[in-house]
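# Architecture and fold: a report
Spelled out from the first residue to the last, the chains are:
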Amino acid sequence: MKILITAGPTREYLDDVRFLSNASSGRMGYSLAAAAISRGHQVLLVTGPAEQHPPAGCEVHRIETTDELRQRCLELFPGCDGVIATAAVCDYRPRERINGKMTKTGHPIVLELVETSDVLAELGSQKGHRWIVGFALESQDPRNNAMRKLRMKNCDCIVLNDTSAIGSLTNSVEVLSPDAETIAQFTGTKDDVADLLLGLIEASIAP
Ligand code: CTP
C-alpha cells in the first residue's frame with residue numbers, strides 16, 4: 001500500500017523568530033513509518049520538526065506550519081491508499097505574523113489566536129475509497145472525546161493514548177472502531193506498538 005503518515009509538531013509563528021508549538025517528539029509517527037516500510041509499504045512522511053531522523057526508505061516532506069501540513073496532505077492524499085495521522089497539530093495560530101522580530105514594549109501584550117484548519121477532518125471529507133486512522137491524545141473523558149473525533153474526521157478507527165505518551169519511548173493505546181468497540185489494546189515501545197498497529201490496519205482496516 002501507499003501510506004501517508006503525518007508526524008511531529010506543527011509551529012505557528014508570532015514573528016520571524018518566535019513560534020507556538022508543543023512537546024511532540026514525532027516518535028510514534030516515525031516508528032509507524034519504519035514499521036510500514038519494513039512490511040513492504042510505500043510511505044510518504046509529512047513531518048513537522050521532530051527530534052529523530054526519518055527512517056530510511058520513506059519519502060520525506062518537511063513542513064512547519066499547520067497550513068503547510070494541510071497543503072502537502074491535500075496534494076498527496078489522493079494518490080495514497082490511506083493515512084495515519086499522528087501529527088500533534090497546533091489548534092491555534094496568532095491572527096497575524098509580524099515581519100522581522102517583535103521588540104519589547106515595556107507593557108504586557110495580548111496575543112490574539114485564531115483556529116487553524118483541521119487537516120484530518122478535511123482529508124476525511126474527501127476520503128472516497130481510502131482508509132483513515134486518526135490518533136487522539138486525551139487527558140479527560142478519553143473515550144467520548146476520541147469517538148467525537150473519529151466521527152468528525154470520518155476515521156475508520158482512532159488510536160486513543162494519553163498525555164504520558166508525549167516524549168516517551170513507550171506507549172499504551174486503545175484502538176476504537178466507528179461502533180465505539182475496543183478493537184485492540186497495545187502496550188510496549190513505540191516501535192512495538194507501531195508494528196502491531198500496522199498488522200491491525202493490514203488485517204482489519206485497509207479494504
Ligand atoms: N488533527 C489534524 N489537524 C488539526 C488537529 C488535529 O489533522 N488541526 C489530527 C491529529 O493528527 C490526530 C487527530 O486529528 O490524528 C486528533 O488530534 P487531537 O489533537 O487529539 O484533537 P483535536 O481535533 O485537535 O481536538 P482537541 O485538541 O480539541 O482535543
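For the structure itself, consult the block above.
Here is a short report on the structure shown in this document. (Residues numbered from 1 in each chain as written. Predicted model: local features only at pLDDT ≥ 70, side-chain atom pairs only at ≥ 80, totals over all residues. Heavy atoms only, no water.)

## Describing unusual backbone geometry
- Of note, N154 is a non-glycine position whose phi angle comes to about 60°, a positive value.
- Along the chain, the position of N154 falls in the loop between helix 4 (142-152) and strand 10 (157-162).
- The backbone of A180 shows a phi angle near 65°, a positive value even though the residue is not glycine. (Helix = DSSP H or I, 4+ residues; strand = E, 2+ residues; numbered from the N terminus.)

## Regarding the site of the ligand
- Looking at the ligand, there are 14 residues lining it, with A85, A87, D91, K149 and K153 nearest.
- Contact distances for the ligand include 3.4 Å between an oxygen atom and a backbone N or O atom of L137.
- Within the side chain of K149, a nitrogen or oxygen atom sits 2.8 Å from an oxygen atom of the ligand.
- In isolation the ligand has 570 Å² of accessible area, and contact with the protein removes 79% of it.
- The element best represented in the shell around the ligand is strand 9 (residues 131-138), accounting for four residues.
- Here the shell around the ligand is built from residues that sort into eight nonpolar, two polar and four charged. (Near = heavy atom within 4 Å. Polar contact = N/O pair within 3.5 Å; in protein donor to acceptor, adjacent residues only side chain to side chain. Areas by Shrake-Rupley, 256 points an atom, 1.4 Å probe, with all protein chains shown as cover. Nonpolar A, V, L, I, M, F, W, Y, C, P; charged D, E, K, R; others polar.)

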